[in-house]
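Read off the chains here:
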Amino acid sequence: MFDKRALCDWNTAIRVLKAGHDVLAVPLPLSDKTLPMQKNADPTAIAVVLKRALELHQAGHAAEALDLLHTVVKRYPNAAQAHLILGQLQAASGAAETAVQSYDRALSLQPDYPEAHYSRGNALQELKRHADAVASYDAVLKRVPNRPEVLANRGNALHDLKRYEAALSSYDQALALMPDVAMLHNNRGNTLRDLKRYAEALASLDKALALEPGYADALINRGNVLQDLGRYEEALAAFDNVLARQPEHLAALNNRGNVLHDLKRYEAAIASYDWALRVNPAYAEALNNRGIALLRLRRPDEALASFDRALALDPEYAEAFNNTGNALRDLRRFEGALASFDRALVIEPDYPEALYNQGHVLNEMKQHEAAAAAFARLLKIAPDSDYALGDMLCAQLSCCDWTAYAHTVERIAAAVREGRKADDPFPFLAISESAADQLMCARSYAADKYPAPSTPLWTGKRYRHDRIRVAYLSADYREHALSYLMAGLFERHDRARFETIGISFRPQHGSAMALRIKSAFECFIDVSARSDREVAQLLHDLEVDIAVDLMGFTVDCRTGILAHRAAPIQVNYLGYPGTMGAEYIDYILADRHVIRPEHHAYYTEKVVVLPDTYQANDSRRSIAHGAPTRAECGLPPEGFVFCCFNNNYKIAPPIFDIWMRLLRQIEGSVLWIVDDNPTAVRNLRLAAEQRGVVPQRLVFAPRIKLEDHLARQRLADLFLDTLPYNAHTTASDALWAGLPVLTCMGQTFAGRVAASLLHAVGLPELITGTLEEYEVLALKLARDPELLANIKSKLARHRTTHALFDTDRFRRHIEAAYIGMWERYQRGEPPQSFTVEPIANP
């Protein structure tokens, strides 16, 4: 808490009056008739009257004091001293703007009047005209260099201008002259905190408290620094120390709530904010912080009401507008969220958090170009903003803007290797070809966003159930790629050996897939309105043996649930193809293709190797009867159709270069790709033209229902995979529809999935090891209709005979994996990597 009291203002006024005069007491009341009437009054006589005005003001007779002074300046307009004292009483009465006018009048009469410059600076500081205040203080110091109160208040103004180094210098100069003023040590400590020099800040605050042990502001600031250092319990004690003396101290109650928030004790934090609001219902900051805690408890409607109350009190509260946007985003009211972020940025144009949140909402609205611009602006004003560089590139890739692509990728990778927060782990998969770098990225992110609490819920108890209790956690139990893959497995689990529980992070809305998924579980629980801690407690109370996280670090993930150690066995599976870098995730399900043995060291999880492929598939996926015509899909009547239905962000320039060379070499061919957003369409067509390809040879496929999408794929000749992030569900879709997939095997899990699927369907000949081989084989297949026809025929035979689409075979293997994990846990052994042996069909 910053102590903004101006030092010595009243003493200054008294000193002005006493300068050169021995002012005698004047008995009350002083009537208008006692004023000296002569034109050139004795300065001593005027000083006596001014002294009486000060006494009247100090005695609580402010109106009388001001009336008296107005009479003085009216009768003696050239008395600079009178204008100064009038200004000081006006300032003390809350009329800072009027006070500045009085000081200006005094200075017009006596330009070298240090006391007038000083008091003017204090009034300007009160009006938040900080730069003007610094100029006034400098005018004093030019004439009287060693005035400690001026240096102190100058430091305050510089601090408000965020010129922290200059503020610190000013405080140090003041302390050299006046070393035993607790307020100065307090404000110096606060400034050191802003400079992130926390150890020095603590030392300065300790000095303030040594001088004044009960100094509430210093105690609160000390708590803030301890909070910055992650010493939350000590910070809490500092705020409680203040409250023991002053139970209704608003700042202590508010900051105590902030520490409880950081401790993830959100209910207790809200109680602290509510206590502050009982003391002062108009405390906008507490209302804002209360709303943030409600958001953490996944109560966005209540949070929104709290932010609205804060904004009713302070319509220019930029932070409350920013948080309103976050609440509306959680409610998926994206247009309203964007308007709130925009409003925050009107009030505070260089507001990093609002720009960051604006960029993410624009991405969710598929306005990727605008999102990239928001992140670029953020990087301009705050170059070291966490994750902003990666977010900018992710937005650019989503609209296929490859400006400075290679340079930006290298910058992000270098920052990740240095341990900086440069990218979220999920988008990093699309640009990284290093499992080691992906581990560093995930570790940093997990530690930052989802640290493990000091007291885990599960502490070693071994549950004894008739069946192994497996809970699957996801936000995607709907018409979503994950459900398309997993629905069959959920339905086929061996109920004699396993009890399955579905934990849904989103409310169900009645789609056919949502209903199918819900009915597949013995128990299905919507936890969308519960906090991470509450969900973890639920899993603990249900005595879940194995919690399978199907999200990883994808959109709407709830990794915080597992951070609480909700279950004795916690598994990373399917949704996120990489390590989560968190010690509380015990296993990752993989196969020998996606994670090579020599790469196990790049996973914090123990690797469980499944026999065929790690990817579940649903053999009940339906394909619409009859394919549409080429004309209906916008395809030419003849010519080879290359396609790639991967998301746009997976398309990297080196892959696109190959695709364009193929189009140039195969006359009449086209490339059929996903129409995800208009900017991507525009940029891809421009990129094609720049590479010598007529833009119309790119055909864009709108998103449609899965069964219709599967049917239209029969019009394509060859699916071209991407790198470093392969086709995953899209590869399974193509193979299920009978469309061959050509892939290049990368160096990471995300870049080796298509190879895993092709092995499982018996088509290893479509796996290449380099991009050169990939291009050569694509050209060969396009030029050799018989070779391609043989591969399609082979795929048609293998589709029903090989492991990829044998849901029950996969079910037996994943259950064997769960049993292996469970048996180790029952024996009290730590998690260990192991391989599941193939189980023959019964």
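Right above here is the structure, for reference.
Only a predicted model underlies this, so the values are computations on that prediction, with no experimental measurement involved.

A.B. asks: Requested: an account of the environment of Ala624, with residues and values cited.
C.D. replies: Along the chain, Ala624 falls in the loop between β7 (606–610) and β8 (641–644). With 81 residues separating them along the chain, Ala624 and Lys705 place their C-alpha atoms 9.5 Å apart. Discounting chain neighbours no more than four positions away, the residues touching Ala624 are Glu707, Asp708, Ala711 and Arg714.

A.B. asks: Tell me about unusual backbone geometry, and please be specific about residues and values.
C.D. replies: The omega angle of the peptide bond from Leu723 to Pro724 is 15°, so this bond is cis rather than trans. Residue position: Pro724 is located in the loop between β11 (718–720) and α33 (729–736). The backbone phi angle of Lys128 is positive, close to 65°, even though this residue is not glycine. Structurally, Lys128 can be placed in the loop between α6 (114–126) and α7 (130–143). Lys128 sits in the exposed class, given a relative accessible area of 62%. In this model, Ala404 sits at a positive phi of 55°, which is unusual for a non-glycine residue.

A.B. asks: An account of the sheet that holds β8 is needed here, citing residue identities and associated values.
C.D. replies: Pairing in this open sheet of 6 strands is parallel, and the strands run β10-β9-β8-β11-β12-β13 from one edge to the other. Two strands close off the open sheet at either side, each with one partner strand: β10 (698–701) and β13 (767–768). In terms of strand pairing, strand β9 (residues 670–674) meets β10 through 4 bridges, oriented parallel. Bridge assignment links Trp672 to a residue of β10, and that residue is Val699. Of the strands in this sheet, β8, β9, β10 and β11 touch helix α30 (residues 653–665), which is tilted by about 145° from β9. Against the sheet, helix α31 (residues 678–690) touches β9 and β10, its axis set at about 165° to β10.

A.B. asks: Summarise the pairing of strand β1 (residues 468–474); cite the residues concerned and give the values.
C.D. replies: Burial of β1 is extensive: 6 of the 7 residues sit out of reach of the surface. Sheet topology note: the β1/strand β2 (residues 498–504) ladder contains 7 bridges and is parallel. Note on β2: the bridge partner recorded for Ile468 is Phe498. Read as a crossover between parallel neighbours, the route from β1 over helix α26 (residues 481–492) to β2 is right-handed. Sheet topology places β1 next to strand β4 (residues 546–549); 4 bridges connect them, and they run parallel. The partner of Tyr472 across the bridge, within β4, is Val548.

A.B. asks: Mind laying out the nonpolar core, listing which residues take part and the relevant values?
C.D. replies: Core analysis: the largest hydrophobic core is formed by 278 residues, its most contacted members being Tyr472, Ile503, Tyr573 and Trp672. Considering every element that reaches this core, the biggest residue donor is helix α37 (residues 807–826), with 8 residues. For Tyr573, the residues in contact, after removing those within four places along its chain, are Met486, Val548, Asp549, Leu550, Leu589, Tyr614, Gln615, Ala616, Phe810 and Ile814. Counting 10 residues, the second largest nonpolar core, distinct from the first, contains Leu66, Val72, Ala79 and Ala82.

A.B. asks: Would you mind going over the sheet that holds β2 in detail, with residue names and values included?
C.D. replies: The parallel open sheet is built from 8 strands, whose spatial order is β3-β2-β1-β4-β5-β6-β7-β14. If you trace the sheet from one side to the other, it starts and ends with β3 (523–526) and β14 (834–835), each paired once. Where helix α28 (residues 532–541) meets the sheet, it contacts β1, β2 and β3, and its direction lies at approximately 170° from that of β2.

A.B. asks: Give me the environment of Ala157: which residues, what numbers.
C.D. replies: Inspection of the secondary structure assignment puts Ala157 in helix α8 (residues 148–160). Counting along the chain gives 28 residues from Ala157 to Arg129, while the straight-line C-alpha distance between them is 8.6 Å. Once residues within four sequence positions are removed from consideration, Ala157 is found in contact with Gln125, His130, Ala133, Val134 and Tyr137.

A.B. asks: If you had to explain the packing of aromatic side chains to someone new, which residues and values would you point to?
C.D. replies: The final tally for this structure, using the stated rule, is 30 aromatic pairs. The interplanar angle of 80° and the centroid separation of 6.3 Å between the aromatic rings of Tyr587 and Phe834 together place this pair among those described as edge-to-face. With a gap of 247 residues between them, Tyr587 in strand β6 (residues 587–591) and Phe834 in strand β14 connect regions that are remote in the sequence. What makes Tyr587 buried here is its relative accessible area of 2%. Directly above the aromatic system of Tyr118 lies the positively charged group of Arg147, at a separation of 5.9 Å from the ring centroid. The ring of Phe645 carries Arg712 above its face, with NZ or CZ at 5.9 Å from the centroid.

A.B. asks: I'd like to hear about the pattern of salt bridges, residue by residue, with values.
C.D. replies: All chains considered together, the criterion is met by 51 salt bridges. Between Glu369 and Arg682 there is a salt bridge, with its nearest N and O atoms 2.9 Å apart. Within this pair, whereas Glu369 is found in helix α21 (residues 368–381), its partner Arg682 is found in helix α31, the two being separated by 313 residues in sequence. Put simply, Glu410 and Arg417 hold a salt bridge, and the shortest N to O gap is 3.5 Å.

Conventions adopted
- Residues numbered from 1 in each chain as written.
- Predicted model: local features only at pLDDT ≥ 70, side-chain atom pairs only at ≥ 80, totals over all residues.
- Heavy atoms only, no water.
- Helix = DSSP H or I, 4+ residues; strand = E, 2+ residues; numbered from the N terminus.
- Contact = heavy atoms within 4.5 Å.
- Buried < 20%, exposed > 50% of the residue type's maximum accessible area, 1.4 Å probe, protein only.
- Pairing = 2+ DSSP bridges.
- Axes fitted to C-alpha atoms, helices over the stretch in contact; angles between N-to-C directions.
- Right-handed = clockwise from strand over helix to strand, strands pointing away.
- Core = buried A, V, L, I, M, F, W, Y, C linked by side-chain atoms within 4.5 Å.
- Phe/Tyr/Trp six-rings, centres within 6.5 Å; stacked < 30°, edge-to-face > 60°.
- Lys NZ or Arg CZ within 6 Å of the ring centre and 35° of its normal.
- Salt bridge = Lys/Arg side-chain N within 4 Å of Asp/Glu carboxyl O.

Function cannot be read off these values alone, since they describe shape.
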